[in-house]
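Working through the structure, step by step
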Amino acid sequence: MSNTKVLPLLEPDTESGPESVAPCCPPLTERPFTAEEAELTARMFKALGDPVRLRLFSAVASHAGGEACVCDISDVGVSQPTVSHHLKKLKEAGLLTSERRGTWVYYSVEPSALASMGRLLTSE
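The model shown is predicted, which means the values in this text are computed figures rather than measured ones.

This part takes up the sheet that holds strand β3 (residues 104–109). Reading across the sheet, the 3 strands line up as β1-β3-β2 and stay open at both edges, with antiparallel pairing between neighbours. Looking at strand neighbours, the two that pair on one side only are β1 (67–69) and β2 (96–101), the edges of this open sheet. Going across the sheet, the axis of each strand differs from the next one's by a mean of 25°, ignoring polarity. Relative to β3, β2 runs antiparallel, the two sharing 6 bridges. Residue pairing across strands places R101 opposite W104, the latter belonging to β3. Against the sheet, helix α2 (residues 51–62) engages β1, β2 and β3, with an angle of about 85° to β3.

See below:
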């Protein structure tokens, strides 16, 4: 029996722009996290805690046009199956989205996740 709980991902409000994205959690200095906020935040940072995943996330985030083909970012010193595994973990954590185009898969950073992480680490 598993105690795993599926947490909802935040959807960006595309009509109002990136400023209207509701973050998952308050800044660390605002108040203590609830259990659900801590779980969601830990999952995001756990996914980025692996150096290969962090490099892949950075490669996607900094790629021209805001998206990257897996064929352009897989040179991180591990095999292609391992790259696919790490990209899957980043997707499961809600940090990346993907779209298949023919043979290739294109990845982009989930805007609401990036906004949440940025807000979380700011001190207000």
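Back to the write-up after that little detour.
Quick look at the packing of α2 against helix α4 (residues 80–92) now. The description of two helices packed together rests on the angle between their axes and the distance between the axes. Remark: α2 packs on α4, axes separated minimally by 10 Å, with the N-to-C direction vectors making an angle of 75°. Classified by the angle between their axes, α2 and α4 sit roughly perpendicular to one another. In contact with V52, R53, L56 and F57 of α2, α4 contributes V83, H85, H86, L87, K89 and L90. Considered class by class, the residues forming the contact of α2 with α4 number 6 nonpolar, 2 polar and 2 charged.

The next point concerns the layout of surface pockets. Roughly 200 Å³ of volume is contained in the largest pocket. Around the largest pocket, the lining residues are R43, K46, A47, R53, K89, E92 and A93. When residues of the lining of the largest pocket are traced back to their parent elements, those giving at least two are α1 (35–48) and α4. Looking at the lining of the largest pocket element by element, the count peaks at 3 residues for α1.

Enumeration according to the criterion identifies 1 disulfide in this entry. Two residues share a disulfide in this structure: C69 and C71, whose sulfurs sit 2.5 Å from each other. A torsion of 125° about the S-S bond marks the disulfide between C69 and C71 as right-handed. Residue C69 is classed as buried on the basis of its relative accessible area of 1%. A relative accessible area of 35% means that C71 is categorised as partly exposed.

Where nonpolar side chains cluster on the molecular surface, the patch consists of L28, F45 and L121 and spans about 300 Å² of accessible area. Turning to its location among the elements, F45 is positioned in helix α1. For F45, a relative accessible area of 32% corresponds to the partly exposed category.

A separate point is α2. Between its terminal C-alpha atoms α2 stretches 16 Å, which fits the 16 Å expected from 12 residues at 1.5 Å a residue. Listing the buried residues of α2 in full gives V52, R53, L56, F57 and V60. Relative to the axis of α2, the buried residues are bounded by an arc of 135° and lie together on one face. In this structure, α2 carries P51 and S62 as exposed residues pointing more than 90 degrees from its buried face. Capping the start of α2 is the job of one residue whose side-chain oxygen sits 2.8 Å from the backbone nitrogen of V52: D50.

Scoring rules and cut-offs
- Residues numbered from 1 in each chain as written.
- Predicted model: local features only at pLDDT ≥ 70, side-chain atom pairs only at ≥ 80, totals over all residues.
- Heavy atoms only, no water.
- Pairing = 2+ DSSP bridges.
- Helix = DSSP H or I, 4+ residues; strand = E, 2+ residues; numbered from the N terminus.
- Axes fitted to C-alpha atoms, helices over the stretch in contact; angles between N-to-C directions.
- Contact = heavy atoms within 4.5 Å.
- Parallel < 35°, antiparallel > 145°, perpendicular 65-115°, else oblique.
- Nonpolar A, V, L, I, M, F, W, Y, C, P; charged D, E, K, R; others polar.
- 1 Å grid on protein atoms, 1.4 Å probe; cavity = no way out; pocket = protein on both sides within 12 Å on 5 of 7 lines; lining within 4 Å.
- Points joined across faces, edges and corners; volume = space filled by probe spheres on them.
- Disulfide = S-S within 2.5 Å.
- Buried < 20%, exposed > 50% of the residue type's maximum accessible area, 1.4 Å probe, protein only.
- Patch = residues over 30% accessible without salt bridge, like charges linked within 9 Å, V, L, I, M, F, W, Y side chains within 5 Å.
- Areas by Shrake-Rupley, 256 points an atom, 1.4 Å probe, with all protein chains shown as cover.
- Salt bridge = Lys/Arg side-chain N within 4 Å of Asp/Glu carboxyl O.
- Expected span 1.5 Å × (residues − 1).
- Arc of directions from axis to C-beta.
- Polar contact = N/O pair within 3.5 Å; in protein donor to acceptor, adjacent residues only side chain to side chain.

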